[in-house]
Amino acid sequence: MITSIRGQSLLSLDELSRDAMLEVLDTAESFVEVNRRTIKKVPALKGRVVASLFFEESTRTRLSFETAAKRLSADVLSLAVASSSVKKGESLRDTIATIDALGIDAVVLRHRSSGAALQVSRYVPHVRVINAGDGQHQHPTQGLLDAFTIRQVLSERRGTTGLESGGELFVGLRILIVGDIRHSRVARSDIAAYSTLGAEVRVCAPGTLLPDDVDRWPVTVADDFEASLEWADVVGLLRLQAERGSGAYVPSLDEFTFTHGLTVERFASIRPETLIMHPGPMNRGVEVDSRVVDSSSAIVEQQVANGVPIRMAVLYLSVAGSGES
Amino acid sequence: MDIVLRQGLIVGPTSSSIGDVLVVGGTIAEVGPSVDAPSGVHEVDARDCWIGPGFVDLHTHLREPGREAAETIESGARAGALGGYCALVAMPNTEPCLDNVATVSYVLARGATTPLDICVAGAITQGRRGDALAPMAEMAALGVRLFSDDGIGVQDPAVMRRALLYANPLGVRLAQHCEDEQLAGGGTMNEGEVSGRLGLAGRPALAEELMVMRDIELVRATGAAMHFLHLSTARSVAMVVAARAEGLRVTFEVAPHHFTLDERSCEGYDPAFKVHPPLRTGEDVAALVAALRRGDVDAVATDHAPHAPELKDLPFDEAPAGMLGLEHAASLTYEALGGAQCDPTLFFQVLSRGPAAIAQLRRHDAPLRHSAHGGSILAGEDANLVIFSPGTRWTVDRTALASRSMNTPYDGRALAGRVRATIAKGRLVVDQGVLT
């Protein structure tokens, strides 16, 4: 169990304690303010080098991480996969060794294989590794920014701040996660974050899109989607990838929408204060109707905006390490 | 060079006693409480050691021809000798495949240059593609007694039934890798809570058990003999044990990694722990150990599967399946059988006598060009012997193995019991735990 990510890699939320998560959330609060300034930059990581290695296509996460690193004044080494020697058959191990030889403090890694971040952390134990999504395993900064966003929005509604709310706000909070849990690294990180922070987590999905042995996860499985929508304080939707709906896991995308899509009809029956979240990119019309996304219940844009302060907090704590402030 | 083994526990098929064994010219010349050895014989001190028939591995991937960077017949034989093996059955998934007289002859010829008996398991189907039958009769004429498409099971039940009907009158045995690829394909570890948490696609126990169930029924329908390779689940073992008790001609092996490691070993995403069938649950491991101790297991087989580091050290889902086995199988079996409580008769049954019977390597049925294995320690028997020291502890060091590859999941693990000497075809090939 990791009780603080100061000076540590961030590979998964499974082994992070509640205090470690709250430390990231609280640190991010101070960076929200930085992002509102005219000069959006602090010298916290001046002279430090952060390598951004995305072995899988990504726009928003990469942009978010690199923005975060630059706002902390770190130098960013960005490896574009298309132009790298990975395409020439170089192994992950050799690529990492090459980047490491340039002198780096941290690696932000996105890879299509589950466990790649942990493997890289073994290859370069002196470098902090920040997992920016590994296969179907974890996407820790997404889980943290989702928790951060929930705390921020609910605190504002209560006329207080996230910092003042602390972790109490999550205790007993009812969070429903809907859709392709089985293949989703976001779901795994969200479930770890929410359950560790004290929320009550329920999942709802077609039987084929639930993970193996889900009864041993810290969640309850609900068959009744409509009833669960009424139950929930927060509804987290997940992206359904087209290939899952081609008869492989569900008969069609239309059928998924029929059983588990957040349609206008279903949206009409949920409580007005319920929050709707989505990690993006969205399939409008599949897992969620456009009119739902554009309603005031949806906090998708806040999620995107909070990506930067959360990643600033993670990079700052991880790279600046302990004993520095 | 003639050899005398002094004062070891001589482990026979049913009883054991302390004594000496004299080996002259490739044959056991004399056995007794104290043997007069002619001058000039090499003496091996076997005090506190067990003397038994050399081990027989039913399941070795020697990688030659085709992937000599991972292993060669020569390096595999050295690894085998250090592990106490006197005979190895080479699996046919080489490049090209061992599905014809030419490639089988090549492996047998290369094998004959090593100190061990290198036998071959021929492919059941051409190219191990699972459709057209390979020329089993021609390969059987070269001495091949086992056939397998190992690496992948024969998926089509019609092909498997045809293969059993064809093999039966040839007096050979089919060895099946039981995993239904429709269910297991794409999976990289045991399906369950751990795979779900790790985000790794699972290979369910069901994929193995359904094929075991199917093939037991095919054996019943055809009357042919079948050997089940590397069974890894409690139910698979229970089904084959029950079928055997019914009188069906079925045998099975278990691999040391399946009775010593469970699925949680994959939590670090170290590809050294990736294997097919995958490491299962703790309950399955316990069931395999219990079956071993009850004497239900016909053979322990290594599934020794070397991979060159550059091909194995990849992200978990991209890495090939398989792990080394030859050099630590005996220690792991000794530990699983209870360590200090290990019954030496059972130990040699599963590592030597059982597998020798399945591979038809005993004295009355050993095919041409091989010596006899798995016999009693009696004058007149071929001298394939191992001297095992149960009291020796050692630590696995992947860089110090004789195999060309390093993909052992036991690196750094302290093990009990070690092979002190191996006498293969009358030659002392390992002495004091090192190759001579």
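Residues take numbers from 1 onward in each chain, read along the sequence in its written order. Written order determines the labels here, with chains lettered from A and ligands numbered from 1. The model is predicted, so local features are restricted to residues of pLDDT at least 70 and side-chain atom pairs to those at 80 or more, both for listing and for counting; the totals for chains, interfaces and linings are taken over all residues.

Participant: Help me understand the overall build of chain B, please; the structure alone is not making it clear to me.
Facilitator: Segments assigned H or I by DSSP are reported as helices when at least four residues long, segments assigned E as strands when at least two residues long, and all are numbered from the N terminus. From N to C terminus, chain B includes 13 helices and 19 strands. Note that the radius of gyration is over C-alpha atoms, with the globule rule given as 2.2 Å times the number of residues to the power 0.38. Here the C-alpha radius of gyration of chain B, 20 Å, is about what a compact globule of 436 residues would show, namely 22 Å. Along the first, second and third principal axes, the C-alpha set of chain B runs to 65 × 45 × 45 Å. Here a residue counts as buried when 20 or more other C-beta atoms fall within 10 Å of its C-beta, as exposed when 12 or fewer do, and as partly exposed in between; the C-beta atoms come from the backbone. In chain B, which comprises 436 residues, the share counted as buried stands at 60%. In chain B, of all internal contacts separated by at least 6 residues, the share reaching a separation of at least 24 is 73%. What counts as a contact is two residues whose backbone-derived C-beta atoms lie within 7 Å of each other.

Participant: What am I meant to see in the domain arrangement of chain A here?
Facilitator: Often the size quoted for an interface is simply the accessible area lost on bringing the parts together. All names here are of chain A. Here the bounds of each domain stem from an automatic or database domain assignment. Looking at chain A, the domain boundaries give domain 1 (18-138 + 306-319) and domain 2 (140-304). Computed from C-alpha atoms alone, the centre-to-centre distance between domain 1 and domain 2 is 25 Å. Each partner contributes to the interface: domain 1 provides 22 residues, whereas domain 2 provides 25 residues. Secondary-structure elements contributing two or more residues to the side of domain 1 that touches domain 2 are α1 (18-36), β4 (128-134) and α12 (300-320). The greatest single-element share of the side of domain 1 that touches domain 2, amounting to 8 residues, is contributed by α1.

Participant: Got a minute to help me understand the environment of Leu315 of chain A in this structure?
Facilitator: As for its placement among the helices and strands, Leu315 of chain A is situated in helix α12. With sequence-adjacent residues up to four places away left out, Leu315 of chain A is seen in contact with Leu45, Val50, Ala68, Ala69, Leu72, Ala106 and Ile130 of chain A.

Participant: Please explain the interface of chain B and chain A as it appears in this structure.
Facilitator: Taken together, the 19 residues of chain B in the interface contact 21 residues of chain A. Looking at the side of chain B that touches chain A, the element that brings in the most residues is helix α6 (residues 193-198) of chain B, giving 5 residues. Any residue that is not Ala, Val, Leu, Ile, Met, Phe, Trp, Tyr, Cys, Pro, Asp, Glu, Lys or Arg is counted as polar, Gly included; the first ten are nonpolar and the last four charged. Of the residues in the side of chain B that touches chain A, the class split is 6 nonpolar, 6 polar and 7 charged.

Participant: Just to check I follow, could you spell out the packing of helix α2 (residues 60-71) of chain A against α12 of chain A for this structure?
Facilitator: Pairs of packed helices are described in terms of their axes, by the angle between the two and the distance that separates them. All names here are of chain A. Under this scheme, a helix contributes an axis fitted over its contacting stretch, all axes are lines through C-alpha atoms, and angles between N-to-C directions fall in the 0 to 180 degree range. The contact between α2 and α12 brings their axes to 8 Å, and the two run at 50°. When the axes of α2 and α12 are compared, the pair comes out oblique. Once α2 is placed against α12, the crossing between them reads as right-handed. Listed contacts from α12 to Arg60, Ser64, Phe65, Thr67, Ala68, Ala69 and Arg71 of α2 are Val304, Gly307, Val308, Arg311, Met312 and Leu315. Considered class by class, the residues forming the contact of α2 with α12 number 7 nonpolar, 3 polar and 3 charged. Roughly parallel here means an angle under 35 degrees, roughly antiparallel means over 145, roughly perpendicular means 65 to 115, and every remaining angle is called oblique. The handedness criterion is simple: a crossing whose near helix is rotated anticlockwise from the far helix by less than a right angle is left-handed, and one whose near helix is rotated clockwise is right-handed.

Participant: How do you make sense of the sheet that holds strand β7 (residues 220-221) of chain A when you look at a structure like this?
Facilitator: Backbone hydrogen bonds hold the strands of a sheet together, and the pairing may be parallel or antiparallel. Residue and element names in this part refer to chain A. For two strands to be treated as a pair, DSSP must find no fewer than two bridges joining them. The 5 strands lie next to each other as β7-β6-β5-β8-β9, forming an open sheet whose pairing is parallel. With one partner strand each, in any of the chains shown, β7 and β9 (275-277) form the two edges of the open sheet. Strand direction decides the pairing type here: strand β8 (residues 234-237) and β9, joined by 3 bridges, are parallel. Each bridged residue has a counterpart across the sheet, and for Gly236 the counterpart in β9 is Met277. Along the sheet face, helix α7 (residues 185-197) touches β5 (174-178), β6 (200-204) and β8 and points at about 170° away from the line of β5.

Participant: So what exactly am I meant to see when it comes to the domain arrangement of chain B here?
Facilitator: Residue and element names in this part refer to chain B. Taken as a whole, chain B is organised into domain 1 (3-50 + 379-435) and domain 2 (55-358). On a C-alpha basis, the centres of domain 1 and domain 2 stand 26 Å from each other. Listed per partner, the contact involves 33 residues of domain 1 and 39 residues of domain 2. For the side of domain 1 that touches domain 2, the elements supplying multiple residues, two or more each, are β1 (3-11), β16 (385-395), β17 (414-424) and β18 (427-431). Here the side of domain 1 that touches domain 2 gets 7 residues from one element, more than from any other, and that element is β17. Residues belonging to the side of domain 1 that touches domain 2 are distributed by class as follows: 20 nonpolar, 9 polar and 4 charged.

Participant: What is the right way to read the pairing of β8 of chain A from this model?
Facilitator: Residues and elements named next belong to chain A. Burial along β8 is two-sided: the residues Val234 and Gly236 and Val235 and Leu237 are all buried. As judged from the 4 bridges shared by β5 and β8, these two strands associate in the parallel manner. Across the sheet, Val178 pairs through a bridge with Leu237, a residue of β8.

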